[in-house]
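Spelled out, the chains give:
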2 protein chains.
Amino acid sequence: MPKPPDPARRSDRSRRAILDAALALVGEVGYNRLTVEAIAARAGVGKQTIYRWWPSKAAVLLDASLALSGDAGAGSGWTGFPDTGDLAADLKYVLRATVDEFNDEKYEAPARALTAAGAADPELGARFTERVLEPQLALYEARLRTARDAGQLAPDTDLRLTVEMLLGPLTYRWLLRTAPLTHAYTDAVVDGVLAGVAKVTAG
Amino acid sequence: MPKPPDPARRSDRSRRAILDAALALVGEVGYNRLTVEAIAARAGVGKQTIYRWWPSKAAVLLDASLALSGDAGAGSGWTGFPDTGDLAADLKYVLRATVDEFNDEKYEAPARALTAAGAADPELGARFTERVLEPQLALYEARLRTARDAGQLAPDTDLRLTVEMLLGPLTYRWLLRTAPLTHAYTDAVVDGVLAGVAKVTAG
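Labelled according to an unreviewed UniProt entry, chain A appears under the name TetR family transcriptional regulator, originating from Streptomyces subrutilus.

Q: What's the story with the pattern of salt bridges in this structure? I'm lost.
A: Side chains bearing opposite charge may pair, as long as their charged atoms lie close to each other. Throughout the structure, instances matching the rule amount to 32 salt bridges over all chains. A single salt-bridge network, built from bridges that share partners, covers Glu134(A), Glu141(A), Arg145(A), Arg160(A), Glu164(A) and Arg173(B).

Q: Please explain empty space enclosed by the protein as it appears in this structure.
A: Enumeration over the complete set of coordinates arrives at one cavity of 30 Å³ or more. Roughly 40 Å³ of volume is contained in the largest cavity. Every residue lining the largest cavity is listed: Gly168(A), Thr171(A), Tyr172(A), Leu175(A), Gly168(B), Thr171(B), Tyr172(B), Leu175(B) and Leu176(B).

Q: What am I meant to see in the UniProt feature "DNA-binding region" (unreviewed entry) in chain A here?
A: Those residues carrying the UniProt feature "DNA-binding region" (unreviewed entry) are residues 35-54 of chain A in this numbering. Between the C-alpha atoms that bound residues 35-54 of chain A the distance is 13 Å, and the span itself is 75% helix and 0% strand.

Q: In this structure, what is going on with the environment of Leu139(A)? I would like to understand it.
A: Inspection of the secondary structure assignment puts Leu139(A) in helix α7 (residues 122-149). Separated by 57 residues in sequence, Leu139(A) and Pro82(A) place their C-alpha atoms 9.9 Å apart.

Q: I keep staring at the relation of the copies chain B and chain A and nothing clicks. Help me out?
A: Superposing the two chain copies requires a rotation about an axis and a translation along that axis. Of the two same-sequence chains, chain B is brought onto chain A (RMSD 0.0 Å, axial shift 0.0 Å) by a rotation of 180 degrees. The transformation relating the two chain copies, once decomposed into turn and shift, fits a two-fold axis. Taking the C-alpha atom as reference, chain B places Gly196(B) closest to the rotation axis, 1.8 Å from it. A high fraction, 100%, of the interface residues of chain B reappear at the interface in chain A, so the copies pair face to face through one surface.

Q: What's the story with the interface of chain B and chain A in this structure? I'm lost.
A: Interfaces are often sized by the accessible area lost when the parts come together. Listed by partner, the interface residues are 47 residues for chain B and 47 residues for chain A. For the chain B and chain A pair, buried surface summed over both sides reaches about 3,800 Å², with 64% attributable to carbon and sulfur atoms. Interface area lost by chain B to chain A is led by Glu164(B), Tyr172(B) and Val197(B), which between them contribute 19%. Between Arg173(B) and Glu164(A) there is a salt bridge whose closest N-O contact spans 2.9 Å. Remark: the boundary between chain B and chain A carries 24 residue pairs in polar contact (both at pLDDT 80 or more).

Q: Can you walk me through unusual backbone geometry in this structure?
A: It is generally the case that most residues other than glycine have a negative phi and that most peptide bonds are trans. Unusually for a residue other than glycine, Arg177(A) sits at a positive phi of about 50 degrees. Take Arg177(A): it is sitting in the loop between α8 (159-176) and α9 (183-195).

Q: What's the story with the packing of aromatic side chains in this structure? I'm lost.
A: Aromatic rings in a pair are described by how distant their centres are and how their planes are angled relative to each other. Per the stated rule, a full pass over the model turns up six aromatic pairs over all chains. Residues Phe102(A) and Trp174(A) carry aromatic rings whose centres are separated by 4.0 Å and whose planes lie at 0 degrees to one another, so their mutual orientation is stacked. Residue Phe102(A) is located in helix α5 (residues 87-102), and its partner Trp174(A) is located in helix α8; the two are separated by 72 residues in the primary sequence. Residue Trp174(A) is classed as buried on the basis of its relative accessible area of 5%. Judged by centre distance (5.9 Å) and plane angle (85 degrees), the rings of Trp53(B) and Trp54(B) are edge-to-face. For Trp54(B), a relative accessible area of 4% translates into the label buried. Across from the ring centre of Trp53(A), 6.0 Å away, lies the NZ or CZ of Arg52(A), which sits over that ring.

Q: How should the side chain of Thr129(A) be read in this particular structure?
A: Position of Thr129(A) among the secondary structure elements: in helix α7. A distance of 2.9 Å separates a polar side-chain atom of Thr129(A) from the backbone oxygen of Leu176(B). With residues up to four places along the chain from it excluded, the contact list for Thr129(A) reads Glu134(A), Pro135(A), Leu176(B) and Thr178(B).

Q: Would you take a moment to explain the packing of helix α5 (residues 87-102) of chain B against helix α7 (residues 122-149) of chain B for this structure?
A: A pair of packed helices can be characterised by two numbers: the angle between their axes and the separation between those axes. All names here are of chain B. Where α5 meets α7, the axes come as close as 11 Å, and the angle between the chain directions of the two elements is 165 degrees. By the angle between their axes, α5 is roughly antiparallel relative to α7. Where α5 crosses over α7, the two elements pack in a sense that is left-handed. Counting all contacts with α5, which are made through Leu87, Asp90, Leu91, Val94, Leu95 and Thr98, the residues of α7 involved are Tyr140, Arg143, Leu144 and Ala147. Looking at side-chain class alone, the contact of α5 with α7 contains seven nonpolar, one polar and two charged residues.

Q: Help me understand the environment of Val190(A) in this model?
A: All names here are of chain A. Along the chain, valine 190 turns up in helix α9. In this structure, the C-alpha to C-alpha distance between valine 190 and leucine 166, residues 24 residues apart in sequence, is 6.5 Å. Residue contacts for valine 190: discarding those within four places in its chain leaves Ala88, Leu91, Lys92, Leu95 and Leu166.

The rules behind the values
Residues numbered from 1 in each chain as written. Chains lettered and ligands numbered in written order. Predicted model: local features only at pLDDT ≥ 70, side-chain atom pairs only at ≥ 80, totals over all residues. Heavy atoms only, no water. Salt bridge = Lys/Arg side-chain N within 4 Å of Asp/Glu carboxyl O. 1 Å grid on protein atoms, 1.4 Å probe; cavity = no way out; pocket = protein on both sides within 12 Å on 5 of 7 lines; lining within 4 Å. Points joined across faces, edges and corners; volume = space filled by probe spheres on them. UniProt positions renumbered as here; feature names shortened; annotations may be inferred. Helix = DSSP H or I, 4+ residues; strand = E, 2+ residues; numbered from the N terminus. Least-squares fit on C-alpha atoms with pLDDT ≥ 70 in both. Contact = heavy atoms within 4.5 Å. Buried area = accessible area lost by both parts, 1.4 Å probe. Polar contact = N/O pair within 3.5 Å; in protein donor to acceptor, adjacent residues only side chain to side chain. Phe/Tyr/Trp six-rings, centres within 6.5 Å; stacked < 30°, edge-to-face > 60°. Buried < 20%, exposed > 50% of the residue type's maximum accessible area, 1.4 Å probe, protein only. Lys NZ or Arg CZ within 6 Å of the ring centre and 35° of its normal. Axes fitted to C-alpha atoms, helices over the stretch in contact; angles between N-to-C directions. Parallel < 35°, antiparallel > 145°, perpendicular 65-115°, else oblique. Left-handed = near helix turned anticlockwise from the far one by under 90°. Nonpolar A, V, L, I, M, F, W, Y, C, P; charged D, E, K, R; others polar.

So, in structure tokens, the structure goes:
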């Protein structure tokens with residue numbers, strides 16, 4: 001006897017199709033030209049299906065970004081910030097994975113479109129930072145806190161400042177395209193942030 | 001006997017009015033909704049006057065950004081990167097001035113609109129980076145080179161990397177609005193980049 005269609009599973013499929021369509025389209029046309037109509041057409045659903053779950057294209061994109069971050073984590077087998085006891089190695093591992101994502105068109109195009117749109121639009125930017133970015137920064141902070149507690153960082157280390165010193169140069173080179181993003185670059189940033197670039201001179 | 005009108009001076013006035021109008025408008029409506037027509041109307045000139053000097057709104061905005069950077073430098077009495085012999089003090093001075101600019105709506109709004117538009121549009125971004133950003137980065141590099149030559153930085157210091165470690169965190173906090181931009185923040189970045197955040201432990 002054939003099973004009846006499962007409405008929950010159909011919903012899941014539609015939801016996923018909508019998020020995928022939003023990510024593909026925002027990479028192709030940018031945030032400003034993205035419309036709920038176009039997302040619906042690409043996903044093969046009615047516009048009302050989207051509006052039943054999300055109030056706006058911004059809301060769709062925020063959920064799509066969260067799904068994308070989740071996929072990236074799952075794809076790399078990443079279940080949390082690594083803690084091998086070697087802080088430099090763990091930071092390099094995670095930043096190399098981020099470089100790989102930024103060099104992968106599938107992740108890069110929507111991430112760039114959203115980041116640029118958030119930079120230009122304070123309301124969208126605040127929601128993006130709160131929902132997508134801050135949870136990621138919290139993972140870095142937790143790993144740095146463990147290192148600080150273990151005496152591997154100076155006791156008065158400002159953890160948030162350190163996170164921004166690690167992610168700032170990567171984001172700068174990514175958004176402003178001053179040079180290619182490579183593992184060598186993020187490795188050097190980690191070493192520079194931990195050890196400093198000034199010559200240690202005898203007092 | 002009244003002097004005849006001076007066409008060169010009138011040209012200068014029109015040119016300046018066009019650049020000012022472009023800066024004001026891009027801050028108000030963003031890059032995507034900016035039009036040459038609107039710039040002409042705000043500047044009180046005909047559209048053809050703009051097209052005589054610039055091929056596109058992007059070209060107008062690039063020149064406007066260069067004029068703005070020039071004004072900021074002139075306004076602060078800045079005639080070059082300071083070199084007092086104290087690298088940390090000189091870097092803090094320049095980064096504090098940059099924080100002040102980013103906290104001034106007049107400079108901030110067009111800079112943000114242009115940076116966001118350049119992040120989203122590779123062609124515009126490349127021109128912005130080449131014409132506006134790179135000349136500024138070169139000033140930082142030159143100051144760091146002097147310090148490296150004087151033995152104040154490790155001999156193998158990567159100057160470009162160091163510049164991006166200084167400007168990356170500032171740009172990150174500015175564009176992503178993770179926290180307010182303050183002098184204390186950029187001071188701490190300078191100290192962190194020069195000395196590192198890791199605890200020096202006896203081998």
